[in-house]
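Fold and contact review
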Amino acid sequence: SKMAVGLLILLPIFLIHAQNPWDDAEIKARKFVSELTLEEKVSLSAGIGWAVGTCVGNTPPIPRVNFPGLCLEDSPTGVRYTDHVSAFPAGINAAMTWDRDLIYRRGVAMGEEYRGKGVNIALGPMMNMGRVPAGGRNWEGFGGDPYLTGECAAAAIKGIQSQGVMANAKHYIGNEQEHFRLQESSNIDDRTIHELYAYPFLKSVQAGVASIMCSYNQVNNTYACQNDRTLNQILKKEFGFRGFVMSDWDAAQTNVPSVIAGLDMMMPGDPDYAVEVIQAAKNGSLPMGRVEDLAVRIMTPYYLLGQDKNFPAVNFNAFHPEQSKMGIFST
């Protein structure tokens, strides 16, 4: 019958939807977040400060619900500020191979080392376009071709996350020079943003990337970490990104306005951030649903990659290597 044929057509679509691991992870994240107080939800997004924890970025634990906090660590070429790890080939050299499988295996090897050190979030890969040839960090990325960069980024992300470590696509967006990066504005028309600068990030979202880092620069005269157009409209709505957006270190110029514009995690931490966000949520100037949203966005990839089960504890100290040698891994 026609009804039977219709059901047969719909069944595969239903199964595909039902088997989406992001959906299952989000259900777990929402359950976890529903048990938190407002203060605890905000703490998920609040870095504890520079050189305060064991990693270059840290979120506080929530002992009441046995949440250990998150460790964020550089770099796109391997685990930074520790020993017994590898310095991997730079992104630009990896891209020169034009070999997706090799770049994937490079990501797997990186992920193994990040996991071995107890790092939840590896701060890479980098996928800026190298528009300024003298840019001091061009080597971290995969070159100036958006298609090549997108393919390399996707392979690297899949490799890193195969080991249960969250990858981080950076620096979103238009971070094409280091000199005066906090003052300059990358003024880019909408078509060029989509076809060149945002394309590798789209491929990263399609690859299932857990997190994205907003950059220091302004985009069309609005700071990238407080840019509703690039964060909420393009990244989250158009691209369908379900993970979380973290700031580059001290890149966010405001607290509550940045959260409203799409920032989910403040790094490495501002002493006023949590106080201002909690106050804004209580007085209604920041919708309570937005606080819920950022908390769920942070926890969804945590469950997606199985970090709630048997994930290694941090076993190094980025700022005090002498303590690492003595087995001291807390502040």
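Quick caveat: nothing in here was measured; it's all calculated off a predicted structure. For every chain, the first residue of its written sequence is number 1, and the numbers climb from 1 along that sequence. Per-residue local features are limited, in this predicted model, to residues with pLDDT of at least 70; the limit for side-chain atom pairs, both in listing and counting, is 80 or more; totals at the level of whole chains, interfaces and linings are taken over all residues. Just so you know, side-chain values use all the structure's heavy atoms and leave hydrogens and water out.

1. Describing the sheet that holds strand S5 (residues 185-186)
A pair of strands is treated as paired once DSSP finds two or more bridges between them. Each helix is a run of H or I in the DSSP string that is no shorter than four residues. Each strand is a run of E no shorter than two, and both are numbered from the N terminus. Spatially, S5-S7-S8 is the arrangement adopted by the 3 strands of the open sheet, whose pairing is mixed. Edge positions in the sheet fall to S5 and strand S8 (222-223), since each has one partner strand and no second.

2. Quick word on the sheet that holds strand S9 (residues 244-247)
Strand order in this open sheet of 3 strands is S4-S6-S9, and the pairing throughout is parallel. With one partner strand each, in any of the chains shown, strand S4 (168-172) and S9 form the two edges of the open sheet. Direction aside, neighbouring strands of the sheet carry axes that sit 25° apart on average. Where S4 and strand S6 (residues 211-214) come together, 4 bridges link them in parallel fashion. From the neighbouring strand, Tyr-172 faces S6, where its bridge partner is Cys-214. Set on the sheet, helix H8 (residues 199-206) makes contact with S4 and S6; between it and S4 the angle comes to about 160°. Along the sheet face, helix H9 (residues 228-238) touches S4, S6 and S9 and points at about 140° away from the line of S4. A fitted line through C-alpha atoms serves as each axis, taken over the contacting stretch for helices, and the angle formed by two N-to-C directions is quoted from 0 to 180°. Contacts between residues were defined by any pair of non-hydrogen atoms, one from each residue, lying within 4.5 Å.

3. Focus: empty space enclosed by the protein
Any space left empty among the atoms is revealed by the rolling of a water-sized probe across them. Every definition here rests on a 1 Å grid over the protein atoms only: cavities are sets of points where a 1.4 Å probe fits but cannot get out, pockets are open sets enclosed by protein on both sides within 12 Å along at least five of seven lines, and lining residues have some atom within 4 Å of a point. Grid points are joined across faces, edges and corners, and a volume is the space filled by probe spheres set on the points. Throughout the structure, instances matching the rule amount to 2 cavities of 30 Å³ or more. Each pocket or cavity is described by its volume, and for the largest cavity that value is around 90 Å³. In terms of lining residues, the largest cavity is bounded by Met-126, Asn-128, Gly-130, Gly-135, Gly-136, Arg-137, Asn-138, His-171, Asn-175, Glu-176, Gln-177 and Glu-178. The volume enclosed by the second largest cavity comes to roughly 50 Å³.

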